[in-house]
Amino acid sequence: MADEATFEPITSQEQFDQAIKSRIERAQAKAVEKFADYDELKAKAAKFDEAEAAQMSDLEKAKKEVEELKAAAAKRDEADRVSDLKAKVSKATGVPADLIIGADEESMTAFAKSVAEFAKKPSAPALKESGKSASAKPEDNGFREIARMLAGDK
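Residues numbered from 1 in each chain as written. Predicted model: local features only at pLDDT ≥ 70, side-chain atom pairs only at ≥ 80, totals over all residues. Heavy atoms only, no water.

## Quick notes on the overall build of the protein
When helices and strands are tallied, the protein shows four helices and zero strands. For the protein, with 154 residues in total, the buried portion stands at 6%. Looking at the protein alone, contacts between residues at least 24 apart form 5% of all its contacts between residues at least 6 apart. For the protein, the accessible surface area stands at approximately 13800 Å², while carbon and sulfur atoms represent 57% of it. (Helix = DSSP H or I, 4+ residues; strand = E, 2+ residues; numbered from the N terminus. Buried < 20%, exposed > 50% of the residue type's maximum accessible area, 1.4 Å probe, protein only. Contact = heavy atoms within 4.5 Å. Areas by Shrake-Rupley, 256 points an atom, 1.4 Å probe, with all protein chains shown as cover.)

## Considerations on the pattern of salt bridges
The tally for this structure, following the rule as stated, stands at three salt bridges. Here Lys 44 ties to Glu 40 by a salt bridge, and the two come within 3.5 Å at their closest N and O atoms. Residue Lys 44 and its partner Glu 40 are located together in helix H2 (residues 38-93), separated by four residues, close to a single helical turn. (Salt bridge = Lys/Arg side-chain N within 4 Å of Asp/Glu carboxyl O.)

## Section: the nonpolar core
Counting eight residues, the largest nonpolar core is built from Val 82, Leu 85, Val 89, Val 95, Ile 100, Met 108, Ala 112 and Ala 116. When residues of this core are traced back to their parent elements, those giving at least two are H2 and helix H3 (105-120). (Core = buried A, V, L, I, M, F, W, Y, C linked by side-chain atoms within 4.5 Å.)

## Some words on the environment of Asp 98
With respect to the secondary-structure elements, Asp 98 resides in the loop between H2 and H3. Sequence separation between Asp 98 and Ala 87 is eleven residues, and the spatial gap between their C-alpha atoms is 9.1 Å.

## Remarks on H2
Between the first and last C-alpha of H2 there are 81 Å, a value that for 56 residues agrees with the 82 Å anticipated at 1.5 Å per step. All of the buried residues along H2 are Val 82, Leu 85, Val 89 and Ser 90. Looking at the buried residues of H2, the elements they touch are H3. Just downstream of H2, Gly 94 is the residue with a positive phi angle, here 85 degrees. (Expected span 1.5 Å × (residues − 1).)

## Comments concerning the packing of H2 against H3
Put simply, H2 and H3 touch, their axes get as near as 10 Å, and they point 40 degrees apart. It follows that H2 is oblique to H3 by the angle criterion. In the crossing of H2 with H3, the sense of the turn from one axis to the other is right-handed. In contact with Val 82, Leu 85, Lys 86, Lys 88, Val 89 and Thr 93 of H2, H3 contributes Glu 105, Met 108, Thr 109, Ala 112 and Lys 113. For the contact of H2 with H3, the residue count by class is five nonpolar, two polar and four charged. (Axes fitted to C-alpha atoms, helices over the stretch in contact; angles between N-to-C directions. Parallel < 35°, antiparallel > 145°, perpendicular 65-115°, else oblique. Left-handed = near helix turned anticlockwise from the far one by under 90°. Nonpolar A, V, L, I, M, F, W, Y, C, P; charged D, E, K, R; others polar.)

## Digging into the confidence of the model for the protein
The pLDDT averaged across the protein works out to 80; a share of 77% of its residues lies at or above 70. Per-element averaging of pLDDT across the protein places helix H4 (residues 143-151) at the bottom with 65 and H2 at the top with 90. Below pLDDT 50 for its whole length, residues 131-136 participates in five contacts with residues either more than four positions away or in separate chains. (pLDDT = per-residue confidence, 0-100.)

## Regarding helix H1 (residues 13-34)
Taking 1.5 Å of rise per residue, the 22 residues of H1 would be expected to cover 32 Å, and the 30 Å separating its terminal C-alpha atoms lies within 8% of that figure. Along H1, the sharpest change in direction is near 40 degrees and occurs at Ile 20. (Bend = angle between axes of the 7 residues up to and from the residue.)

## Considerations on the side chain of Ser 90
Structurally, Ser 90 can be placed in helix H2. Setting aside anything within four residues of it in sequence, one finds Ser 90 in contact with Val 95, Pro 96, Ala 97 and Ile 100.

See below:
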């Protein structure tokens, strides 16, 4: 083993730098080689991020549109339900469906019954012709008579 090199310890910074110089150069060459396509990959990643963002905004738009359509459908369904209830109550009470109001069948029926009861009441009495001109005072045009009738006097 006469050709064997003997180990000499490093005693200065210059000796250390000289000893590792080749190792540093090899590591730098590998790094340059390893990351040679870094700019290309970075550009691809940026395009991917843009496409993903555009896709998300399209997805969010679609979700919003679906929610709006669901709300409109629910509104139509509720209007149909109310219309069907009004028709049912109208048929049962004889009150036109256009006059019926309420949120549910019970309140609609109660309202329709009150309208029907009101419609059965006699209308206001007709004014008697007094033979006086239209320019006469209100007291002379039968208003007193109407007031007496409303008060229950005859």
